[in-house]
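Residue strings, one per chain:
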Amino acid sequence: MSALQKQVTRGQDRHVLPKVPVPPLKQTLDNYLKCVQHLVKEEQFKKTKAIVEKFGAPGSVGEILQKKLLERKDKKANWVYDYWLEDMYLNNRLALPVNSNPAMVFPKQAFRDHKDALRFAACLICGVLEYKTLIDTRQLPLDVARGQLAGTPLCMAQYYRLFTSYRYPGLKTDTLKVDLNAASLVPEHMIVACKNQFFLLDIVANNKQLNEAEIFLQLEKIMKMSENAEERLPPFGILTSDGRTEWAQAREALIKDQANRDSLALIESCICVVCLDEPCGIPPSDTNRALMMLHGGGGERNGANRWYDKSMQFVVGMDGVCGVVCEHSPFEGIVMVECSEFLMKRITGSPFRTVQPSSTRALPPPRRLLWKCNSHVQALLEASGDRLQRLVNNLDMDVFTFETYGKEFIKKQKMSPDAFIQISLQLAFYKCRGRLVSTYESASLRRFQEGRVDNIRSATAEALAFVRSMTDERATFTDSEKMKRLKDAVKAQTDYTIAAITGMAIDNHLLGLLKVSKQLNMEKPEIFCDETYLASNHFTLSTSQVPTTVEMFCCYGPVVPNGYGTCYNPQPHHIVFSVASFWENTETSSAVFVKALNEGLLEIRDLCNRSATADTKPPESSPVAGQPRKSGK
Ligand code: COA
């Protein structure tokens, strides 16, 4: 371990890593115009250009706001963090399932019976405790950037929020509470959900942590208790699946009662939720397992066997449908993957152990959380259930594994796999809709203190030129022209990626300028009222790369009603795409998008292969015709 790594691992990262920069104003405004020019009508663009120039003129409002942002940067570890958190998550009023919470889907597990499932759950819980100890004692190995600009240390702060965070619903805005000192104050506990009932699983008894066999026995007791129909309480978890304002209103009604306040306090302070799910009753295809993780199948299946505000929910289905559902505001998918991979490696590495009575203590059964219901709360439960069902019926999901090639083929073309895949997504969209739209790709800012993400706007002018050449029905473009456009598009995408991960993208900066104007009680600057700005923030295509080294994949829903949420996991020889859209929208169809994506990926491969063959073919007049030419240097 290098000296730098040691220093950062010991929790010194805030002092070692640089602060996220504030890009120069002119640079951001020029890039903004470049990003939107080809996506809006010419007349609209002219208007936007004039507004942007006025905003950025010497002595104008843009300069005042920029100065304030620079002052903010000096004062804070990360000038954009709070602004971004509110804008991206806390102010969003949409329900968490599908709209916000991503999920990791584990490979289908082959459980023979419920005991197998509970052994898996017990092993997973022990894994969580081990991982949490690594976090609490700052022993997690330091993450170091891979891919573009590899080798730089990354901020570890997101890990510290994995098991210490809770998102409280609010009437206007939510609150993310992160309790970094929780561990030392009270004995820790988890919440286990089973048949829509919630149980308190103390993980320490008589100052000693429960071992795996004891946890297994406690889970068995929970299952038994949940089967007792007489003691069964209404499915309170369903309230957390509702819109944030609706849930905040329901919570206000709940907390009038002491029993409810006590139950809420226990859930809000737990390490994580473990959901023991009933068999979902549908074939466990990748797509169906993704659906079950994202919304639980609604109230009739496991949709109420959840507590969506809690950052980490581990799902163990009795039918082997398993995964993790995350509340997204404390951390990014990459951290969720690291934790999930640790757990899966631990589970696959530990053979099933029969419980030795000698290794277990006689522990009291876990306590069922109590809820007080009245007719008002009953009506709220029903309304939340109806709204979740609508979301369930609306989600059009298609998990597609592209088997023909993966990262290795793309690297052989001397192209960035991520940029190549992004351009394939643009091609797929263009094939479906005949135009490009504002696109979001998450770019990590973890090279900086408290870094989260910014946006790579993948619908570049170069991508548009390329997809036009690939779809031109008059076949006016030669392969070498198409290849040139592909290379230009990959370069533009790669350049944008490098700008974004070094803190030079435009979205966070524009958001910062807007937020500062609000804080100064200024009239909203015209640039942010402009139709182009509003359209440019409507992300019809919302994408991100979430790679894994263990067999599993990530998925999430679209962020706008007429959009696609597309997560991809590039592997050496295949790529897993999870594509989500809404059935209620007539412009989108995940199956149609997937078909176009498959076609496009094959067409680009054929183009690369034809171009490579043409490159190695000697020119006809060549004196060495007939002999293969040496490639490379
Ligand atoms: N020729 C050959 N190989 C190339 C290449 C080229 N021109 N360009 C890149 N490569 C290689 C890289 O060296 C890397 O190699 P590795 O597999 O050995 O590490 C590999 O291809 C992947 O690089 P690339 O595809 O360019 O992308 P990346 O891994 O740098 O990822 C982002 C780019 C934007 C996805 C990444 O920087 C990022 O921000 N990730 C976080 C996203 C996120 O937060 N997701 C979760 C959201 S909830």
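In this text, all values refer to a predicted model and were calculated from it rather than measured experimentally. (Residues numbered from 1 in each chain as written. Predicted model: local features only at pLDDT ≥ 70, side-chain atom pairs only at ≥ 80, totals over all residues. Heavy atoms only, no water.)

(A) Here's a closer look at the overall build of the protein. Tallying secondary structure elements over the protein gives 22 helices and 18 strands in all. Computed over C-alpha atoms, the radius of gyration of the protein comes to 26 Å, within 12% of the 26 Å expected from 2.2 N^0.38 for 633 residues, which places it in the range of a compact globule. C-alpha atoms of the protein, sized along the principal axes, occupy 85 × 65 × 55 Å. The proportion of buried residues among the 633 residues of the protein is 57%. Total accessible area on the protein is roughly 27500 Å²; 53% of this is exposed by carbon and sulfur atoms. For the protein, the distance from the average position of its 79 positive side-chain charges to the average position of its 72 negative side-chain charges is 4 Å. (Helix = DSSP H or I, 4+ residues; strand = E, 2+ residues; numbered from the N terminus. Rg over C-alpha atoms; globule rule 2.2 N^0.38 Å. Buried < 20%, exposed > 50% of the residue type's maximum accessible area, 1.4 Å probe, protein only. Areas by Shrake-Rupley, 256 points an atom, 1.4 Å probe, with all protein chains shown as cover. Lys, Arg positive; Asp, Glu negative; His and termini not counted. Charge placed at Lys NZ, Arg CZ, Asp CG, Glu CD.)

(B) Up close: the nonpolar core. Grouped together as the largest cluster of nonpolar side chains are 62 residues, with contacts concentrated most on Leu162, Phe163, Leu219, Leu276 and Met312. Per-element accounting of this core gives the leading share, 13 residues, to helix α6 (residues 114–136). Each of domain 1 (18–76 + 403–613) and domain 2 (106–141 + 186–327 + 346–394) accounts for three or more of the residues forming this core. Formed by 50 residues, the second largest nonpolar core is a distinct cluster that contains Val105, Leu254, Val325 and Val377. (Core = buried A, V, L, I, M, F, W, Y, C linked by side-chain atoms within 4.5 Å. Domains from an automatic or database assignment.)

(C) Representation of the site of the ligand. Around the ligand, 24 residues are found, and the nearest of them are Gln148, Lys411, Ser416, Asp418 and Ser444. In this structure, a nitrogen atom belonging to the ligand sits 3.1 Å away from a main-chain N or O atom of lysine 414. Note that an oxygen atom of the ligand is positioned 3.3 Å from one of the backbone N or O atoms of proline 417. In isolation the ligand has 970 Å² of accessible area, and contact with the protein removes 75% of it. Of all the secondary structure elements, the ones that give two or more residues to the shell around the ligand are α13 (333–349), α15 (407–412), α16 (417–433), β13 (439–444), β14 (453–456), α18 (479–501) and β15 (541–545). In terms of residue count, the dominant contributor to the shell around the ligand is β13 (four residues). Among the residues making up the shell around the ligand, the classes are represented as eight nonpolar, 10 polar and six charged. (Near = heavy atom within 4 Å. Polar contact = N/O pair within 3.5 Å; in protein donor to acceptor, adjacent residues only side chain to side chain. Nonpolar A, V, L, I, M, F, W, Y, C, P; charged D, E, K, R; others polar.)

(D) Highlighting the environment of phenylalanine 163. Relative to the helices and strands, phenylalanine 163 is located in the loop between α7 (157–160) and β2 (165–168). Counting along the chain gives 239 residues from phenylalanine 163 to phenylalanine 402, while the straight-line C-alpha distance between them is 34 Å.

(E) Main features of the pairing of β15. Summarising burial for β15: four of the five residues are buried, a large majority. Pairing between β13 and β15: three bridges, direction parallel. Residue pairing for β15: tyrosine 440 is matched across the bridge by serine 542. Taken together, the five bridges between β15 and strand β17 (residues 564–570) define a ladder with parallel strand orientation. By the bridge assignment, threonine 543 is partnered in β17 with threonine 566. (Pairing = 2+ DSSP bridges.)

(F) Looking closely at the sheet that holds strand β9 (residues 312–317). The strand order across the open sheet built from eight strands is β11-β5-β4-β8-β9-β10-β1-β16, with neighbouring strands paired in mixed fashion. Looking along the sheet, the strands with just one partner apiece sit at the ends: β11 (367–368) and β16 (553–555). In this structure, strand β1 (residues 103–105) lies alongside strand β10 (residues 322–326), joined through three bridges in antiparallel fashion. By the bridge assignment for β10, valine 105 is matched with glycine 323.

(G) Local environment of the domain arrangement of the protein. Partitioning the protein into structural domains gives domain 1 (18–76 + 403–613) and domain 2 (106–141 + 186–327 + 346–394). For domain 1 versus domain 2, the separation of C-alpha centres amounts to 37 Å. Taken together, the contact pairs nine residues of domain 1 with 10 residues of domain 2. With both chains or domains summed, domain 1 and domain 2 bury close to 830 Å², and 62% of this area falls on carbon and sulfur atoms. Ranking the residues of domain 1 by area buried against domain 2 places Phe553, Cys555 and Glu584 at the top, with a combined share of 49%. Linking domain 1 with domain 2 are one salt bridge. Counting across the interface, domain 1 meets domain 2 through three residue pairs in polar contact (both at pLDDT 80 or more). For the side of domain 1 that touches domain 2, the secondary-structure elements that each account for two or more residues are β16 and β18 (575–582). (Contact = heavy atoms within 4.5 Å. Buried area = accessible area lost by both parts, 1.4 Å probe. Salt bridge = Lys/Arg side-chain N within 4 Å of Asp/Glu carboxyl O.)

(H) Seen up close, the UniProt feature "active site" (unreviewed entry) in the protein. The residues that UniProt annotates with the feature "active site" (unreviewed entry) are His328. Within the secondary structure, histidine 328 sits in the loop between β10 and α13. With near-sequence residues (within four places) excluded, histidine 328 lies in contact with Tyr89, Ser100, Asn101, Pro102, Gly333 and Arg452. A distance of 3.2 Å separates polar atoms of two side chains, one belonging to histidine 328 and the other to tyrosine 89. (UniProt positions renumbered as here; feature names shortened; annotations may be inferred.)

(I) Highlighting the sheet that holds β13. The mixed open sheet is built from six strands, whose spatial order is β12-β18-β17-β15-β13-β14. This sheet does not close on itself; its edge strands, each paired only once, are β12 (395–402) and β14. Adjacent strand axes in the sheet meet at a mean angle of 20 degrees, parallel and antiparallel pairs treated alike. Relative to β14, β13 runs antiparallel, the two being bridged by four bridges. By the bridge assignment for β14, serine 444 is matched with valine 453. Helix α14 (residues 375–394) rests against β12 and β18 of the sheet, and its axis sits at about 40 degrees to β12. (Axes fitted to C-alpha atoms, helices over the stretch in contact; angles between N-to-C directions.)

(J) Just α14, in detail. Along its 20 residues, α14 runs 29 Å from first to last C-alpha, staying within 8% of the 28 Å computed at 1.5 Å per residue. Listed in full, the buried residues belonging to α14 are Val377, Leu381, Ser384, Gly385, Leu388, Leu391, Val392 and Asn394. As for α14, its buried residues are in contact with α10 (244–254), α12 (286–295), β12 and β18. Where α14 begins, the capping side chain belongs to asparagine 374, and its oxygen is found 3.1 Å from the backbone nitrogen of histidine 376. (Expected span 1.5 Å × (residues − 1).)

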